[in-house]
Amino acid sequence: MSSAAPAGAAEPVTAGPSDDDSLVVARTRHPWRWVVAAVALVLVAQFAHGLITNPGWDWPTFRLYFTAHSVLTALKVTLELTFWGTLLGFLLGGVVAIARLSRIPVLQVIAWAYVWAFRSIPLIVQLLFWFNLAYLYKRLSLGVPFGPAFVTFDVNQVLSGFSAAVIGLALHQAAYSAEIIRAGVISVDAGQLEAAKSLGLPWHRQFFTIIVPQAMRGILPNAANEVISLFKGTSIVSVMAIAELFYQVQVIYGRSGRVVPLLMVATVWYIVLTTVLSIVQYYIERHFAKGALRELSPTPWQRVRATLADITGERK
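Model, not experiment: these values are computed from the prediction. (Residues numbered from 1 in each chain as written. Predicted model: local features only at pLDDT ≥ 70, side-chain atom pairs only at ≥ 80, totals over all residues. Heavy atoms only, no water.)

On a plain count of helices and strands, the protein comes out with twelve helices and two strands. Start at the N end of the protein and walk to the C end: the helices and strands fall as α-α-α-α-α-β-β-α-α-α-α-α-α-α. Buried residues in the protein amount to 28% of all 316 residues. As displayed, the protein has an accessible area near 21700 Å², and 66% of this comes from carbon and sulfur atoms. (Helix = DSSP H or I, 4+ residues; strand = E, 2+ residues; numbered from the N terminus. Buried < 20%, exposed > 50% of the residue type's maximum accessible area, 1.4 Å probe, protein only. Areas by Shrake-Rupley, 256 points an atom, 1.4 Å probe, with all protein chains shown as cover.)

Here's what the structure looks like:
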């Protein structure tokens, strides 16, 4: 038995499509972006076409010398200079940074003077100075200061051209790495150290478990730039007749007259190894970012794998 609705009662409202659902969203168009992209692609294509078709690049000569034994041997010398310059430079730079951050005024002044001096003198001057150290000191000795000497040695027999280059690169690098390390340490919030002290942690645990991991996030980008700059800067030791990559390339094109392809040999090797250093930098930075980010962004390889998985899943 049905009952009539009472008089004056409101009619029930049936749910229907919202007015917003029927709106047509106009797609934003950016024609100038396509124009700029097209122009950029045309320029890149022209550059690539010139690299391939211009006989002046002499790619057969490039292929002949790119993996030549003399070039690979010189490349090994370049890597050794970079390794020792980086290792010794950052070790000494860490000591100088600690001295600048210490509360001992004498150490602060000495560390500041070291940074000031070695950043003021051009690298080529430092290298030539160490290379010609025997003109100033024929013999050096180790012993009691202002007292008897225990060990005496001839500078010419001990200090070779390679050793002089390593010393010059390391001392120069230490001045810059000291400031990078010092900036990373002072960038850590002072409250972190105060909290560690309040927990009664010993100083070495405060430094290595709290200060260093956080400071590394500020140190790594600049430190990686310095390593890459040092790797490319090793070419300057060619003035000391050390057979590193650039010096060897100069020797070869001095004999063959093929300047451009030999310069491209050095250029491509610098690009390849700089790329490798950049990849290493990326993963080291990602490692030290674990404490600062809730979730790390996927690596390029993980993105490629995810994209391939999506494509495979769609095909299935």
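Next comes the rest of the description.
Within this structure's numbering, the places UniProt gives as "transmembrane region" (unreviewed entry) are residues 32-52, 81-101, 113-137, 157-176, 227-247 and 259-284. Counting secondary structure, residues 81-101 comes out at 100% helix and 0% strand; the distance between its end C-alpha atoms is 29 Å. Secondary structure within residues 113-137 divides into 68% helix and 0% strand; the distance between the first and last C-alpha atoms comes to 23 Å. (UniProt positions renumbered as here; feature names shortened; annotations may be inferred.)

What follows concerns a nonpolar patch on the surface. Residues Ile279, Tyr282, Tyr283, Trp301, Val304, Leu308 and Ile311 make up a contiguous nonpolar surface patch of about 660 Å² in total accessible area. Broken down by element, the nonpolar patch gets its largest block of residues, four residues, from helix 12 (residues 300-315). Counting through the fold element by element, tyrosine 283 comes out in helix 11 (residues 259-288). (Patch = residues over 30% accessible without salt bridge, like charges linked within 9 Å, V, L, I, M, F, W, Y side chains within 5 Å. Salt bridge = Lys/Arg side-chain N within 4 Å of Asp/Glu carboxyl O.)

As for its position among the elements, serine 177 is in helix 7 (residues 161-186). For serine 177, a relative accessible area of 0% translates into the label buried. What serine 177 contacts, discounting residues up to four positions off in sequence, is Gly89, Phe90 and Gly93. (Contact = heavy atoms within 4.5 Å.)

Further remarks concern the pattern of salt bridges. Enumeration according to the criterion identifies four salt bridges in this entry. Here arginine 258 ties to aspartate 58 by a salt bridge, and the two come within 3.4 Å at their closest N and O atoms. Of the two residues, arginine 258 sits in the loop between helix 10 (245-256) and helix 11 while aspartate 58 sits in the loop between helix 1 (31-53) and helix 2 (59-66), which places them 200 residues apart along the sequence. The exposure class of arginine 258 is partly exposed, given its relative accessible area of 45%. A salt bridge links arginine 182 to glutamate 179; the nearest nitrogen and oxygen atoms lie 3.0 Å apart. Taken together, the residues span about one helical turn, with arginine 182 and glutamate 179 both in helix 7 at a distance of three residues. The exposure class of glutamate 179 is buried, given its relative accessible area of 16%. The network of salt bridges with common partners includes Arg100, Glu179 and Arg182.

What follows is about the layout of surface pockets. By volume, the largest pocket amounts to about 1300 Å³. What lines the largest pocket is a set of 34 residues, and nearest its centre among them are Ile181, Val185, Phe207, Val212 and Ile219. Here the element with the most residues in the lining of the largest pocket is helix 9 (residues 203-233); it accounts for 13 residues. By residue class, the composition of the lining of the largest pocket is 26 nonpolar, five polar and three charged. (1 Å grid on protein atoms, 1.4 Å probe; cavity = no way out; pocket = protein on both sides within 12 Å on 5 of 7 lines; lining within 4 Å. Points joined across faces, edges and corners; volume = space filled by probe spheres on them. Nonpolar A, V, L, I, M, F, W, Y, C, P; charged D, E, K, R; others polar.)

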